[in-house]
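# Examining the three-dimensional arrangement
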Amino acid sequence: MRLISWNVNGIRSCLGKGFLEFVTREAPDVLCLQETRGYPPQIDQLLPGYQKLWSHAEKKGYSGTAIFVKESLAATPLKPGIGKTEHDREGRVLGVDLGDFILVNVYTPNSGEDLKRLEYRQIWDREFASYIKKLQKKKPVALCGDLNVAHKEIDLARPQANRKNAGFTDEERAGLDRLLAVGLLDTFRSLYPERREAYSWWSFRAGSRARNIGWRIDYFLISEALRPRLQEAWISPETPGSDHCPVGLQLR
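Residues numbered from 1 in each chain as written. Predicted model: local features only at pLDDT ≥ 70, side-chain atom pairs only at ≥ 80, totals over all residues. Heavy atoms only, no water.

### Looking at the packing of aromatic side chains
Inspection of every chain in the model, using the stated rule, returns 8 aromatic pairs. Summarising the aromatic geometry, the rings of tryptophan 201 and tryptophan 215 are spaced 6.1 Å apart at their centres and angled 70° between planes, so their arrangement reads as edge-to-face. In this pair, tryptophan 201 is assigned in strand β10 (residues 201–202) and tryptophan 215 in strand β11 (residues 214–215), connecting sequence segments 14 residues apart. Put simply, the rings of Trp6, Phe19 and Phe22 pair up and form one aromatic cluster. When the ring centre of tyrosine 62 is taken as reference, the NZ or CZ atom of lysine 59 above it lies at 4.9 Å. Between the NZ or CZ atom of arginine 195 and the centre of the ring of tyrosine 192, over which it lies, the distance is 4.0 Å. (Phe/Tyr/Trp six-rings, centres within 6.5 Å; stacked < 30°, edge-to-face > 60°. Helix = DSSP H or I, 4+ residues; strand = E, 2+ residues; numbered from the N terminus. Lys NZ or Arg CZ within 6 Å of the ring centre and 35° of its normal.)

### Some remarks on the sheet that holds strand β8 (residues 141–146)
Across the sheet, 6 strands lie side by side as β5-β6-β7-β8-β12-β9; this open sheet has mixed pairing. Taken across any chain shown, the strands that pair with only one partner, and hence form the sheet edges, are β5 (76–77) and β9 (184–186). Each of β6 (93–97), β7 (102–107), β8, β9 and β12 (218–223) touches helix α5 (residues 118–136); the most contacted strand, β7, lies at about 170° to it. (Pairing = 2+ DSSP bridges. Contact = heavy atoms within 4.5 Å. Axes fitted to C-alpha atoms, helices over the stretch in contact; angles between N-to-C directions.)

### Some remarks on helix α2 (residues 19–26)
Every buried residue of α2 is accounted for by Phe19, Leu20, Phe22 and Val23. Projected down its long axis, α2 shows its buried positions confined to an angular sector of 160°, all on one face. Of the residues in α2, the exposed ones pointing more than 90 degrees away from the buried face are Glu21, Thr24 and Arg25. Here the buried face of α2 lies against β1 (2–7), α1 (11–15), β2 (30–34), α3 (43–46), β3 (50–55) and β4 (65–70). (Buried < 20%, exposed > 50% of the residue type's maximum accessible area, 1.4 Å probe, protein only. Arc of directions from axis to C-beta.)

### Quick word on the packing of α5 against helix α6 (residues 170–181)
Where α5 contacts α6, the two axes come as close as 9 Å, and the packing angle between them is 5°. Judged on the interaxial angle alone, α6 and α5 are roughly parallel. Here α5 contributes Leu118, Arg121, Gln122, Asp125, Arg126, Phe128, Ala129 and Ile132 to the contact with α6, which in turn contributes Glu171, Glu172, Gly175, Arg178 and Leu179. (Parallel < 35°, antiparallel > 145°, perpendicular 65-115°, else oblique.)

### Concerning the nonpolar core
One recurring pattern in soluble globular proteins: nonpolar side chains tend to sit buried together. Counting residues in each nonpolar core, the largest one holds 29 residues, and the members touching the most others are Val30, Ile67, Leu98 and Leu103. When contributions to this core are tallied by element, the ones reaching two or more residues are β2, β4, β6, β8, β12, β13 (230–235) and β14 (247–251). Ignoring any residue separated from it by four or fewer positions in sequence, one finds leucine 103 in contact with Leu3, Val30, Cys32, Leu94, Gly95, Val96, Leu98, Ala142 and Cys144. Counting residues in hydrophobic clusters, the runner-up holds 22 residues, among them Ile102, Tyr120, Phe128 and Ala129. (Core = buried A, V, L, I, M, F, W, Y, C linked by side-chain atoms within 4.5 Å.)

Below, the structure is given as structure tokens:
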């Protein structure tokens, strides 16, 4: 099973930047999107053969997630969100039961400029980890998306300069530690523990992407029970269309 996750930074914008060509070429069994910021009706005709699930924010043009699953797969949608209104109004969590495991697609809140949203982010991290823990009592979980945190110093180009910036604070990194502690593993780091300069997001400033001054903040995490099925995990920095690039997972 081939799964791909991508923060598209606005699905309408990405459609004009090679999105359809990418999906046609890669032909994932499951495609998870974050920061969709809306729903372009024409996508139903442009991508036949997929069951399409969407979760939208109450605020127009903001946040949002989507999952496209090949119609040949048995897929049962979960109720969007984590069951808490204060979190679910932003359309950040979407899940689907794929039979022998549950797939969760998440767009984690950014702590924001001057860390204005860091306190909320810490609440989110705790309650989202609890949600995943509950799901794992039912079935193994594969979790993907933009987690808005670089976990270790190896996961960003300039760790020392960003120690107190959103995405690399001690509090956010501890939030990811908590998520892993419920029984998940980071698939990319499991396979490539020492690989450097492997990033999935770059600032638009100062030619950061061309210089590969980036961050790895997009992940596939899986329950330990799925470890024997882990075949490959990858990052596709050559793919244009967003300030993030796609990340992928191959399960036996």
